[in-house]
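Notes for the structure review
Below, each chain spelled out in residue letters.
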Amino acid sequence: MIGSVLKSYRKEAGMTQEELAQAAGVHRTYISLLERNQKSPTLKVYFQLCQALDSAPSKFMADIE
């Protein structure tokens, strides 16, 4: 699921949920919901998260699979 991969990438980047949220232009509670697999990101937010985490979207998606 996307939540565990997102959390792993965020921690690897040394970011808090708040820092990732600011960098991606979303609210911190949204990051929390994503990490707990209670929400799914839109395609736009997905790319914003990848950019904030300095990760290629294709690599991120491959890790989800």
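Quick summary incoming for the structure in this document. (Residues numbered from 1 in each chain as written. Predicted model: local features only at pLDDT ≥ 70, side-chain atom pairs only at ≥ 80, totals over all residues. Heavy atoms only, no water.)

With respect to the packing of aromatic side chains
- One pass over the full model with this rule turns up three aromatic pairs.
- Considering the side-chain rings of tyrosine 46 and phenylalanine 47, the 5.5 Å spacing of their centres and the 75 degrees angle between planes classify their relative orientation as edge-to-face.
- On the basis of relative accessibility, which here comes to 42%, the residue phenylalanine 47 falls in the partly exposed class.
- Between tyrosine 46 and phenylalanine 60 the ring centres are 5.6 Å apart and the planes differ by 70 degrees, which places this aromatic pair in the edge-to-face class. Remark: phenylalanine 60 occurs in helix α5 (residues 57-64) and tyrosine 46 occurs in helix α4 (residues 43-52); sequence separation between them is 14 residues.
- Through successive ring pairs, a cluster of aromatic residues spans Tyr9, Tyr46, Phe47 and Phe60. (Phe/Tyr/Trp six-rings, centres within 6.5 Å; stacked < 30°, edge-to-face > 60°. Buried < 20%, exposed > 50% of the residue type's maximum accessible area, 1.4 Å probe, protein only. Helix = DSSP H or I, 4+ residues; strand = E, 2+ residues; numbered from the N terminus.)

Some details on the packing of α4 against α5
- One can describe the packing of α4 onto α5 by two numbers: an axis separation of 9 Å at closest approach and a directional angle of 105 degrees. Taken together, α4 and α5 sit at an angle that is classed as roughly perpendicular. Only Pro57, Phe60 and Met61 of α5 make contact with α4, whose side of the interface consists of Tyr46, Phe47 and Cys50.
- Taken together, the residues of the contact of α4 with α5 sort by class into six nonpolar, no polar and no charged. (Axes fitted to C-alpha atoms, helices over the stretch in contact; angles between N-to-C directions. Parallel < 35°, antiparallel > 145°, perpendicular 65-115°, else oblique. Contact = heavy atoms within 4.5 Å. Nonpolar A, V, L, I, M, F, W, Y, C, P; charged D, E, K, R; others polar.)

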